[in-house]
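# Report on the structure
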Amino acid sequence: MRRELDRIALLEAEAITIMREVAAEMERPVLLFSGGKDSLVLLRIAEKAFRPGRFPFPVMHVDTGHNFPEVISYRDELIESLGERLIVASVEDSIAAGRVVDETGPGASRNRLQTVTLLDALAEHRFDSAIGGARRDEERARAKERVFSFRDRNGQWEPRSQRPELWSLYNGRVRKGESIRAFPISNWTELDVWRYIDSEGLPLPSIYFAHKREVVERDGMLLAASDYLELFEGEVPFEASVRYRTVGDMTCTGAVESIAATIPEVVAEISASTKTERGETRADDRATEAAMEDRKRTGYF
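Here we summarise the structure given alongside this text.

Conventions used here
- Residues numbered from 1 in each chain as written.
- Predicted model: local features only at pLDDT ≥ 70, side-chain atom pairs only at ≥ 80, totals over all residues.
- Heavy atoms only, no water.
- Helix = DSSP H or I, 4+ residues; strand = E, 2+ residues; numbered from the N terminus.
- Buried < 20%, exposed > 50% of the residue type's maximum accessible area, 1.4 Å probe, protein only.
- Contact = heavy atoms within 4.5 Å.
- Areas by Shrake-Rupley, 256 points an atom, 1.4 Å probe, with all protein chains shown as cover.
- Axes fitted to C-alpha atoms, helices over the stretch in contact; angles between N-to-C directions.
- Parallel < 35°, antiparallel > 145°, perpendicular 65-115°, else oblique.
- Nonpolar A, V, L, I, M, F, W, Y, C, P; charged D, E, K, R; others polar.
- Phe/Tyr/Trp six-rings, centres within 6.5 Å; stacked < 30°, edge-to-face > 60°.
- Pairing = 2+ DSSP bridges.
- Salt bridge = Lys/Arg side-chain N within 4 Å of Asp/Glu carboxyl O.

## Points about the overall build of the chain
Within the chain, the regular secondary structure consists of 10 helices and 10 strands. A burial count over the chain gives 53% of its 301 residues as buried. Of the contacts made within the chain by residues no fewer than 6 positions apart, 72% connect residues no fewer than 24 positions apart. Approximately 14100 Å² of the chain is accessible, and the part contributed by carbon and sulfur atoms is 50%.

## Some words on helix H7 (residues 190-200)
Of the positions making up H7, those classed as buried are Glu190, Leu191, Asp192, Val193, Trp194, Tyr196 and Ile197. Among the residues trailing H7, Gly201 stands out with phi positive, at a value near 65°.

## Comments concerning the packing of H7 against helix H8 (residues 263-272)
Closest axis-to-axis distance for the H7/H8 pair is 10 Å, and the angle between their directions is 170°. Here H7 is positioned roughly antiparallel relative to H8, judged by the angle of their axes. Across the interface between the two elements, Glu190, Leu191, Trp194, Arg195, Ile197 and Asp198 of H7 pack against Ile263, Val266, Val267, Ile270 and Ser271 of H8. Counted by class, the contact of H7 with H8 contains 7 nonpolar, 1 polar and 3 charged residues.

## Points about the side chain of His66
Positionally, His66 belongs in the loop between strand S2 (59-63) and helix H3 (69-82). The exposure class of His66 is buried, given its relative accessible area of 12%. Here His66 is in contact with Arg110, Tyr228, Gly248, Asp249, Met250 and Thr251, once residues within four sequence places are set aside.

## Brief notes about the packing of helix H2 (residues 37-50) against H3
In a pair of packed helices, the angle between the axes and the distance between the axes together describe the arrangement. It is the contact of H2 with H3, at a shortest axis distance of 13 Å, that shows an interaxial angle of 0°. Between H2 and H3, the crossing angle belongs to the class labelled roughly parallel. Within the contact between the two elements, H2 uses Leu40, Leu43 and Glu47 and H3 uses Tyr74, Leu78, Ile79 and Leu82. Looking at the contact of H2 with H3 residue by residue, the class counts come to 6 nonpolar, no polar and 1 charged.

## Description of the packing of aromatic side chains
For the structure shown, the criterion picks out 7 aromatic pairs. An angle of 85° between the planes, with centres 5.7 Å apart, marks the rings of Phe50 and Phe57 as edge-to-face. For Phe50, a relative accessible area of 16% corresponds to the buried category. Judged by relative accessible area, Phe57 falls into the buried class, the value being 4%. With a centroid separation of 5.9 Å and an interplanar angle of 50°, the aromatic rings of Phe55 and Phe57 are classed as tilted. Both residues of the pair, Phe55 and Phe57, belong to the buried class.

## A closer look at the sheet that holds strand S4 (residues 129-131)
Spatial strand order, S3-S2-S1-S4-S6-S5: 6 strands in an open sheet with mixed pairing. Of all strands in the sheet, those bounded by a partner on one side alone are strand S3 (86-90) and strand S5 (148-151). When the angles between neighbouring strand axes are averaged without regard to direction, this sheet yields 30°. Across 3 bridges, S4 lies against strand S6 (residues 179-182) in parallel orientation. For Ser129, the partnering residue across the bridge sits in S6 and is Ile180. Relative to S2, helix H5 (residues 114-124) is tilted by about 150°, and along the sheet it contacts strand S1 (29-32), S2, S3, S4 and S6.

## Topic: the pattern of salt bridges
In this structure the tally under the stated criterion is 21 salt bridges. Close ionic contact of Glu92 with Arg110 constitutes a salt bridge, the shortest N to O distance being 2.9 Å. Here Glu92 is found in helix H4 (residues 91-96), whereas its partner Arg110 is found in the loop between H4 and H5, with 18 residues between them in sequence. For Arg110, a relative accessible area of 6% puts it in the buried group. Where Arg99 meets Asp120, a salt bridge forms, and the shortest distance between an N and an O atom there is 2.8 Å. Of the two residues, Arg99 sits in the loop between H4 and H5 while Asp120 sits in helix H5, which places them 21 residues apart along the sequence. What you see here is one network of salt bridges that share partners, running through Glu12, Arg44, Glu47, Lys48 and Glu200.

## What to know about the pairing of S1
As a general feature of sheets, a regular strand has side chains that alternate between the two faces. Residues Pro29 and Leu31 of S1 are buried on one face, and the alternating residues Val30 and Leu32, pointing to the opposite face, are buried as well. Pairing geometry for S1 and S4, over 3 bridges, is parallel. Paired with Pro29 across the strands is Ser129, a residue of S4. Alignment of S1 against S2, held across 2 bridges, turns out to be parallel. When the sheet's bridge partners are listed, Leu32 is paired in S2 with Met60.

Purely geometric stuff here, so don't read any function into it on its own.
And the structure:
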């Protein structure tokens, strides 16, 4: 246990340093917040980096309009308690403006539409850097990321054009129109996140813990039955005890069967799992072998 706490303390110190580096090097940063566990950790890191002052950047959520109601309520209560500025970039608004076309039918999801909404919001507010909670252990494309991930004038990511980060030195120089994505918790694991949440006593949306929910089994995943999910022929919702390892659009974020109702029980489940949270519960990452990398190349976070 002592070794685990020492590791968490080192990871926290590294994340605080990166957060302060972004604030010092970049002119107009923003912190992306989904209402999930990883972005919750970022908010606590920001508190430790900048309190008692205000954050030197606003908080932004890219809202698909198909989010879990528990997560939206949690988001609003948390940001209000922090007294920070929240920007909501809405996929609904992007659809209304004709910037994207809403998908329809079984299998439709707004998750892929977030890229345009994100890039438009970054341009509108002239943000030159976006801080996010991506971790290298999540997925293969994430593992290629630098802590400061360089994006071109179109918001696109090219893995072969990334800058070296020798001795944890970060280069935030960008030309007009270019930007970076910054990942302070790149080196954390899912277990590290949960242990940090436990040690800090951070509240989480209730969907992270076991609860009864109407779900549909699709492609080996349990998707929440809702007004947003059109069923395929033969699909029948049923009730199950589930929890979520990650949060996102309800139409592509799967639950796992679970009875883990406390953090120690969740940690025990994760420790025994052989699958990453995105690999097990995100339908959008299963489209192709390179689904995440393809989306990132076009501007996805």
